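Each chain, letter by letter, is given below.
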Amino acid sequence: MVRVLSQETIANIEKLFPRYPTRMAVLIPALHLAQNQVGHISEEVELDIAELLDVPPTRVREVATFYTMFHTKTAGKHTVRICRNLSCQLRGAEQIMQKAKEVLGIDFGETTADGRITLEHDECLAACGTGPALWCDDNLVENLTEEKLEKFLVGLK
Amino acid sequence: MTTHPYAPQGFEVTLSKRWFVAKGYTYETYVKDGGYEGLKKALALEPGEVIDTVKKCNLRGRGGAGFPAGIKWSFVPKEAEKPKYLVVNGDESEPGTYKDRYVLSRDPHMVIEGAAIAAYAIGAHQIYFYLRGEFGLPRRRLEAAVAEAYDKGILGDSVLGKPYKLNAAVHRGAGAYICGEETALLESLEGKIGRPRLKPPFPAVVGAFGGPTIVNNVETLSCVPLIFTRGVDWFLSMGSAKNGGPKIICLSGHVERPGVYEVPNGFPCNKLIELAGGVWKGRKLKAVIPGGSSTPLLVPHACQALAAEGAPESDWPLETDTPLDFDSVARAGSMFGSAGMIVLDENTCMVRTLAILGNFYAHESCGQCTPCREGTGWNTKMLWRLERGEATEDDIDTINSASSHMLGMTICPLADAFAMPVQSYLKKFREEFVEHVRRKGCWFPPFELSPHGDPFWEDTP
Ligand SMILES: Cc1cc2nc3c(=O)[nH]c(=O)nc-3n(C[C@H](O)[C@H](O)[C@H](O)COP(=O)(O)O)c2cc1C
Ligand code: SF4
Ligand code: FES
């Protein structure tokens, strides 16, 4: 019995089965697909995936909590992750993080009241030569200045 | 001959050649440029001959450990009950390292070709590209290139007409540095949390899904086609016999012109900084992190280990003059690791620098070994206290001894990866740590907001 996953998401998950010798190997890709649809990994999502992949729900939960990219609670429409690692810091990431808090009126780990943006830290994004950098909706925004950051955040609809 | 602004003058670039070409990532460009010729040549050889050729080049793994690829491949048993796998490590998450990103997004066919040669050499019929979750453009470009490769008969039921079944899939991670460690990566590929495995058995014998598996870094595999098109002698002509081939090095931090530079192995560190326009704003060099955040510092002080035997002290080169290859950097007291080179200017606070790295290691510890779980967190807390002026001189000694108790005590090297920098920073800048106690906090200016700059290195979707 499927609870929340759409037919499309299920089909996309099933398409991946032939790529691996086990169904469990599809777990992380499946969590990505589910999160794209639902926005976060809810209990219902966990149960749906557990059934599809024939793994215990506790296993799904364990994996969803271990990897930082999965939200286990509701999150904003966009998650903005700002790198706070060394190369970005050497080029002023601290100031960028302050500015982000100021523009959004929230702290890291929080979501704006309108549900638009969740703000997170990230560790090195492998964009060290173009830092300060952030990652949002599967794309980088690089060489951040305060103006560039503000324009980007305000532009996220 | 191709060269570009991120290479020494007159040096022919091969690894980063197509990064500078419009649509350099397509099959068409790649093949026009002689792409997949290396695979053709390799397929004409017996698998054992392919391994021998790579062994002769002593191609050192570019992912961090520098282990020779050919030797690793030869550990795979010829006969195996379970299927064999070739896994490409595209997790790229050692802070300061951002080279594999461009291989994947600007020249994905090169790594596909290298992976196909490696798979054929070890007898694997399945390739997995494990890419860190945050790789957006690199993943989309690689997926498109894999589809092209199927289309053009490089992957599928035969490889360039030779009946050899070869499949490839791109697997997306989900944000965990530890999954760059090869056994954690395999756990993650199998759908589990990324906890490193105890070795032995080594992956070459028991790896993915219980089958013999070779894990190689993206750049390592990109070097492989060149070995077959240009030959062993060409490869060895760059650098020394044990450290040959072209090398891409990521420069970030306080240099005028950050970017990924391609140089011959053994290119001197100080010359590379010069090539990158020198330390920014005309400031003095304080230290270099040569191979990613886990590697000990090189400082501009005379280094006996690098000098010719019996040379007088006045002739000793500086640590920061070391040739950049695995063995030379090791001689100078550090590691070349993943070639993620971070340059620190004279205004950089070493306590703060180390504390920032501490945040990272404490966050990324998978938690299964007590010295790592506790040690990374505790040391980091102490470092921030020191930075705020809340620590005593005794605390500095405690940090030193606590980090030494992390060394060599754990399942994987992540604990060492933090303990080594702690020891190195303390040894080389002890006075600065003590001064934080005396002055009750940090007196260095905050890091200035000044982006690295060159839009050439940005992702262009
Ligand atoms: C904590 C840790 C993180 C690592 N991260 C990476 C990584 O992001 N990419 C990589 O290629 N190798 C990484 N490695 C090294 C791999 O374990 C492995 O040695 C490498 O992928 C082998 O490929 P190579 O021989 O071609 O270098 C890491 C190792 C450790 C201990
Ligand atoms: S050393 Fe740290 S990261 Fe490595 S296995 Fe142990 S706890 Fe996990
Ligand atoms: S340190 Fe920010 S991307 Fe690497």
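Only a predicted model underlies this, so the values are computations on that prediction, with no experimental measurement involved.

In terms of helices and strands, chain B carries 17 helices and 12 strands. The globule rule puts the C-alpha radius of gyration for 461 residues at 23 Å, and the 22 Å found for chain B is close to it. Oriented by its inertia axes, the alpha-carbon framework of chain B measures out at about 70 × 50 × 50 Å. Counting across all 461 residues of chain B, residues that qualify as buried make up 56%. The long-range share in chain B, meaning contacts at least 24 apart out of those at least 6 apart in sequence, stands at 70%.

Next up on the list: the site of ligand 1. Residues and elements named next belong to chain B. Around ligand 1 sit 24 residues, and of these Gly61, Gly63, Gly180, Asn217 and Thr220 come closest. Looking at the shell around ligand 1, the elements with two or more residues in it are β4 (213–217) and α16 (414–428). Per-element tally for the shell around ligand 1: the top contributor is β4, with three residues. When grouped by side-chain class, the residues that make up the shell around ligand 1 number nine nonpolar, nine polar and six charged.

Take the sheet that holds β4(B) next. All names here are of chain B. Reading across the sheet, the four strands line up as β3-β2-β1-β4 and stay open at both edges, with parallel pairing between neighbours. On the outer flanks of this sheet lie β3 (167–172) and β4, each paired with one strand and no other. The mean angle between the axes of side-by-side strands here comes to 20 degrees, regardless of whether they run parallel or antiparallel. One ladder, built from six bridges, connects strand β2 (residues 126–131) with β3; its direction is parallel. Along β3, the bridge assignment pairs tyrosine 128 with alanine 169. Each of β1 (85–90), β2, β3 and β4 is contacted by helix α8 (residues 182–189), which is oriented at about 110 degrees to β1, the strand it contacts most. Across the sheet, helix α9 (residues 218–230) touches β1 and β4, and the angle it forms with β4 is around 90 degrees.

Here we come to helix α6 (residues 108–122) of chain B. Taking 1.5 Å of rise per residue, 15 residues should cover 21 Å, and α6(B) covers 21 Å from first to last C-alpha, within 8% of that figure. Once α6(B) ends, the next one or two residues include Gly123(B), with phi positive near 85 degrees.

For the rest of this paragraph, the subject is the domain arrangement of chain A. The domains assigned to chain A are domain 1 (7–66) and domain 2 (78–155). Centre-to-centre separation of domain 1 of chain A and domain 2 of chain A, based on C-alpha positions: 29 Å.

What follows covers the domain arrangement of chain B. Residues and elements named next belong to chain B. Structurally, chain B comprises domain 1 (17–237), domain 2 (246–306 + 315–345) and domain 3 (350–438). Put simply, the middle of domain 1 and the middle of domain 2, counted by C-alpha atoms, are 27 Å apart. Each partner contributes to the interface: domain 1 provides 12 residues, whereas domain 2 provides 16 residues. Residue classes in the side of domain 1 that touches domain 2 are distributed as three nonpolar, five polar and four charged.

All right, on to the interface of chain A and chain B then. Listed per partner, the contact involves 46 residues of chain A and 57 residues of chain B. The set of elements that each furnish at least two residues to the side of chain A that touches chain B consists of α2 (27–38), α4 (57–66), α5 (86–90), α6 (93–104) and β4 (139–141) of chain A. Tallying contributions element by element places α2(A) first for the side of chain A that touches chain B, with five residues. When the residues that make up the side of chain A that touches chain B are grouped by side-chain class, the tally is 25 nonpolar, 14 polar and seven charged.

With that out of the way, let us pick up the nonpolar core. In this structure, Leu31(A), Val87(B), Ala118(B) and Ile249(B) are the most contacted members of the largest nonpolar core, which totals 188 residues. Top contributing element to this core by residue count: α6(B), with 11 residues. Not counting residues up to four positions away in its chain, the partners in contact with Ile249(B) are Val260(B), Tyr261(B), Val263(B), Leu272(B), Leu324(B), Ala339(B) and Met341(B).

Moving on to the pairing of strand β10 (residues 285–289) of chain B. Residue and element names in this part refer to chain B. The buried fraction of β10 is high, at five of five residues. With four bridges connecting them, β10 and strand β12 (residues 340–345) associate as antiparallel partners. Opposite isoleucine 289, over in β12, you have isoleucine 342 as the bridge partner.

Residue and element names in this part refer to chain B. Taken together, 14 residues sit near ligand 2, with Cys366, Cys369, Cys372, Thr410 and Cys412 positioned nearest. Going through the elements one at a time, α14 (370–388) and α16 are the ones with two or more residues in the shell around ligand 2. Looking at the shell around ligand 2 residue by residue, the classes come out as nine nonpolar, four polar and one charged.

Scoring rules and cut-offs
Residue indices begin from 1 for each chain and proceed along its sequence in written order. To label them, take the chains in the order written and letter them from A, then take the ligands in the order written and number them from 1. In keeping with the model being predicted, local features are shown solely for residues with a pLDDT of at least 70 and side-chain atom pairs are shown and tallied solely at 80 or more, while totals for entire chains, interfaces and linings include all residues. The helix and strand labels rest on DSSP assignments: H or I over at least four residues marks a helix, E over at least two residues marks a strand, and numbering proceeds from the N terminus. What the globule rule says is 2.2 Å times the number of residues to the power 0.38, and the radius of gyration is computed from C-alpha atoms. Using C-beta atoms placed from the backbone, we call a residue buried if 20 or more other C-beta atoms fall within 10 Å of its own, exposed if 12 or fewer do, and partly exposed for counts in between. Here, residue contact means that the backbone-derived C-beta atoms of the two residues sit within 7 Å. Each residue receives a C-beta atom built from its backbone; the residue is near a molecule or strand if that atom lies within 6 Å of it. Gly counts as polar in this scheme, as do all residues outside two lists: the nonpolar Ala, Val, Leu, Ile, Met, Phe, Trp, Tyr, Cys and Pro, and the charged Asp, Glu, Lys and Arg. Paired strands are those between which DSSP finds at least two bridges. Lines are fitted to the C-alpha atoms to define the axes, a helix being fitted only along its stretch in contact, and any angle between axes, read from their N-to-C directions, falls within 0 to 180 degrees. Given a helix with a known number of residues, its expected span is that number minus one, times 1.5 Å. Where each domain starts and ends comes from a domain assignment, either automatic or drawn from a database. Any nonpolar core is a set of buried residues, restricted to Ala, Val, Leu, Ile, Met, Phe, Trp, Tyr and Cys, that join up through C-beta atoms within 7 Å.

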